[in-house]
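Each chain, written out:
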Amino acid sequence: MRINTFIDLVKNRDRTLLKILRHLKIAEKDGRIFLTVPDPDKREYVENLIRLKLGDSLAGEVVVVSEEKNRETSPDLHTGLSRRFTFDNFIVGEGNRLAYEVAVAVSENPGSTYNPFFLYGRVGIGKTHLLQAIGNRCLDKGLKVAYRSAPEFSEEVVRYIKEGRISEFRNMYREVDVLLIDDVQFLSGKERTQMELFNLFNHLYMKDSQIVLASDRHPRELKDISDRLISRFEGGVVVEITLDEMTKIEIVRKKLQELKLTVQENIVRLIMESTGPSVREIEGAIKTLKLGGSGALKPKRGRTDLDTVQETVATYFGISREEILGNSRSGRVARARRFAMYLCRKVTGASLIEIARSFGRKDHTTVIHSIRKVEEERRKDRKTDYILSFLERQLRERI
Ligand code: ADP
Ligand code: MG
């Protein structure tokens, strides 16, 4: 049905309905009429009125949605954005400057210079913040923006398929000017979602819509994601975001000020020592501090011991501690990391969770896996046993 036909129809049938229509947004999509009611509480009333006045069969061509609760039926997309994240409240330093600058450039000229923009780095260091800041800036320019974490996106794909509305899903997403997909490492193994994203990607790319992706690792380190999708991810600019010590201090100071806490050197040091390279941890520590005073915040027990293990193992393998904590899966680095996890467990009293955190991992499955693997290697291989005994002796002297 066309909008004009619909209005003529209403004119002929009922004047009150016509009056109500003046207050509603009317749109047509795929031959159906979409009416948007500003007040969600009135939605059902309007729906019933339409059915009553137009009859069931005609009413079937009219979809009534409300302004806020229109996720299910509206042809409109929700942005997925939170106003909390902006460029203005992002603290810039050495480790995140490039990421920040590219993000700003992307929001100034979406779809042109850096497309796609792939941002990667460890947890808690500002990837989501930057994606959201891009989204907010673009939204302010009047662009159509959709921010989704990969799991959210995937759930949507599954739901639309189940409801037999996947083409609606595609049309909806193809309209966006800026698509932001967060935590793409979670696309791992989700083949159908990958396929939808791949097609959407091509479509958006062709019409110069901006695509931004964030992940905890470099595209090439992603697991169980199709090669063709990875090559798309790598097709634009790939930037790593890190948190260096200087920027970390700066962030600690600013966040203390934000929460109206005094910026004393000993407090800054305490927060520095009780947190890893993660802004999220800093925020947590400061909140703890605000609630419980400085006594509530002790440098994590064993924290420095874990550092010592990581440093010792790194030195032994001739790599940096950063590499041990990173995500590289190159044989040598991965082996060093496994050994470090194993030794952390063996020579410090730290829990698996604490160990996982000290390596910047969210959960401890990797730690368990690594420990098992090393135990097996140690049993089977004399050289491994020798190296580990050597490192263990060295560590026991230091810890
Ligand atoms: P990630 O997505 O990398 O895991 P987030 O973007 O969620 O990390 O950041 C974690 C928290 O730290 C958020 O509250 C975010 O606002 C804050 N944050 C991260 N980096 C900065 C920064 N450079 N300046 C200010 N706040 C930051
Ligand atoms: Mg995030």
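Position labels on residues start from 1 in each chain and follow its written sequence. Labels are handed out in written order, letters beginning with A for the chains and numbers beginning with 1 for the ligands. This being a predicted model, a pLDDT of at least 70 is required before a residue's local features are given, and a value of 80 or more before pairs of side-chain atoms are given or counted; all residues contribute to the totals for chains, interfaces and linings. To obtain the side-chain values, all non-hydrogen atoms of the structure were used and water was disregarded.

Caption draft 1: A look at the overall build of the protein. Runs of E in the DSSP output that reach at least two residues are strands. Runs of H or I that reach at least four are helices, and both are numbered from the N terminus. Of regular secondary structure, the protein possesses 19 helices and 8 strands. In terms of C-alpha radius of gyration, the protein reaches 27 Å, well past the compact-globule figure of 21 Å for 399 residues. Based on the C-alpha atoms only, the size of the protein along its principal axes is roughly 95 × 50 × 40 Å. Between buried and exposed lies partly exposed: a residue is buried under 20% and exposed over 50% of the maximum accessible area for its type, with that area taken using a 1.4 Å probe on protein chains only. Taking all 399 residues of the protein together, 47% fall into the buried category. Each accessible area is a Shrake-Rupley estimate made with a 1.4 Å probe; only the visible protein chains count as cover when residues are assessed. For the protein, the computed accessible surface area is about 20,500 Å², with 48% contributed by carbon and sulfur atoms. Charge separation in the protein, taken as the distance between the mean sites of 71 positive and 59 negative side-chain charges, equals 2 Å. For the radius of gyration, the atoms used are the C-alpha atoms, and the globule rule reads 2.2 Å times the number of residues raised to 0.38. Charge counting follows a simple rule: Lys and Arg are positive, Asp and Glu are negative, and His as well as the terminal groups are ignored. In this description, the location of a charge corresponds to atom NZ of lysine, CZ of arginine, CG of aspartate or CD of glutamate.

Caption draft 2: Inspection of the site of ligand 1 at higher detail. Whether a residue is near a molecule or strand is decided by its heavy atoms; if any one of them lies within 4 Å of it, the residue is near. Around ligand 1, a shell composed of 19 residues is seen, among which Ile91, Gly124, Lys127, Thr128 and His129 lie nearest. At 3.2 Å, a backbone N or O of Ile125 approaches an oxygen atom of ligand 1. Within the side chain of Thr128, an N or O atom sits 2.7 Å from an oxygen atom of ligand 1. For ligand 1, whose accessible area on its own is 560 Å², the fraction buried by protein is 94%. The set of elements that each furnish at least two residues to the shell around ligand 1 consists of α6 (127-140), α11 (245-258) and α13 (279-292). Counting the residues that make up the shell around ligand 1, at least three belong to each of domain 2 (77-240) and domain 3 (245-296). Residues adjacent in sequence count toward polar contacts only when both atoms are side-chain atoms; beyond that, a polar contact is any pair of N or O atoms within 3.5 Å, and within protein one must be able to donate a hydrogen and the other to accept it. For the purposes of this description, domain bounds are those given by an automatic or database domain assignment.

Caption draft 3: Structural view of the packing of helix α8 (residues 166-174) against helix α9 (residues 191-206). Under this scheme, a helix contributes an axis fitted over its contacting stretch, all axes are lines through C-alpha atoms, and angles between N-to-C directions fall in the 0 to 180 degree range. α9 packs onto α8 with a crossing angle of 40° between their chain directions and a minimal axis gap of 10 Å. One element, α8, and the other, α9, form an angle in the oblique class. Note that α8 runs across α9; the crossing there is right-handed. Touching Ile166, Arg170, Tyr173 and Arg174 of α8 are Arg192, Glu196, Leu200, His203 and Leu204, all from α9. By residue class, the composition of the contact of α8 with α9 is 4 nonpolar, 1 polar and 4 charged. For classification purposes, an angle smaller than 35 degrees is called roughly parallel, one larger than 145 roughly antiparallel, one from 65 to 115 roughly perpendicular, and anything else oblique. It is the rotation of the near helix from the far one that decides the hand of a crossing: anticlockwise by less than a right angle makes it left-handed, clockwise makes it right-handed. Contact definition: two residues touch when any of their heavy atoms are within 4.5 Å. Classification convention: Asp, Glu, Lys, Arg as charged; Ala, Val, Leu, Ile, Met, Phe, Trp, Tyr, Cys, Pro as nonpolar; all other residues, Gly among them, as polar.

Caption draft 4: Layout of a positive patch on the surface. Taken together, the side chains of Lys11, Arg15, Lys19 and Arg22 define a basic patch exposed on the protein surface. Along the chain, Arg22 turns up in the loop between α2 (15-21) and β1 (25-29). Surface patches are drawn from residues lacking salt bridges whose relative accessible area is over 30%; two like charges belong together within 9 Å, two nonpolar side chains (Val, Leu, Ile, Met, Phe, Trp, Tyr) within 5 Å. Put simply, a salt bridge is a Lys or Arg side-chain nitrogen that is within 4 Å of an Asp or Glu carboxyl oxygen.

Caption draft 5: Focus on empty space enclosed by the protein. Cavities and pockets are found on a 1 Å grid laid over the protein atoms alone: a cavity is a set of points where a 1.4 Å probe fits but cannot escape, a pocket is an open set with protein on both sides within 12 Å along at least five of seven lines, and a lining residue has an atom within 4 Å of such a point. Grid points are joined across faces, edges and corners, and a volume is the space filled by probe spheres set on the points. Going through the model one piece at a time under the given rule, you end up with 2 cavities of 30 Å³ or more. Counted as a void, the second largest cavity has a volume near 40 Å³. Along the walls of the second largest cavity sit Phe169, Arg170, Tyr173, Arg174, Glu196, Asn199 and Leu200, which together make up its complete lining. Sorting the residues of the lining of the second largest cavity by element identifies α8 and α9 as the ones contributing at least two each. Broken down by element, the residue count for the lining of the second largest cavity peaks at 4 residues, all from α8.

Caption draft 6: Structural view of the nonpolar core. To define a nonpolar core, start from buried Ala, Val, Leu, Ile, Met, Phe, Trp, Tyr and Cys residues and group those joined through side-chain atoms within 4.5 Å. Formed by 41 residues in total, the largest nonpolar core has its most connected members in Phe117, Leu130, Ile134, Leu180, Leu256 and Ile271. Once residues lying within four places of it in the same chain are set aside, the contact partners of Ile271 are Val252, Leu256, Ile282, Ala285, Ile286, Leu289 and Leu297.

On their own, these measurements won't tell you what the molecule is for.
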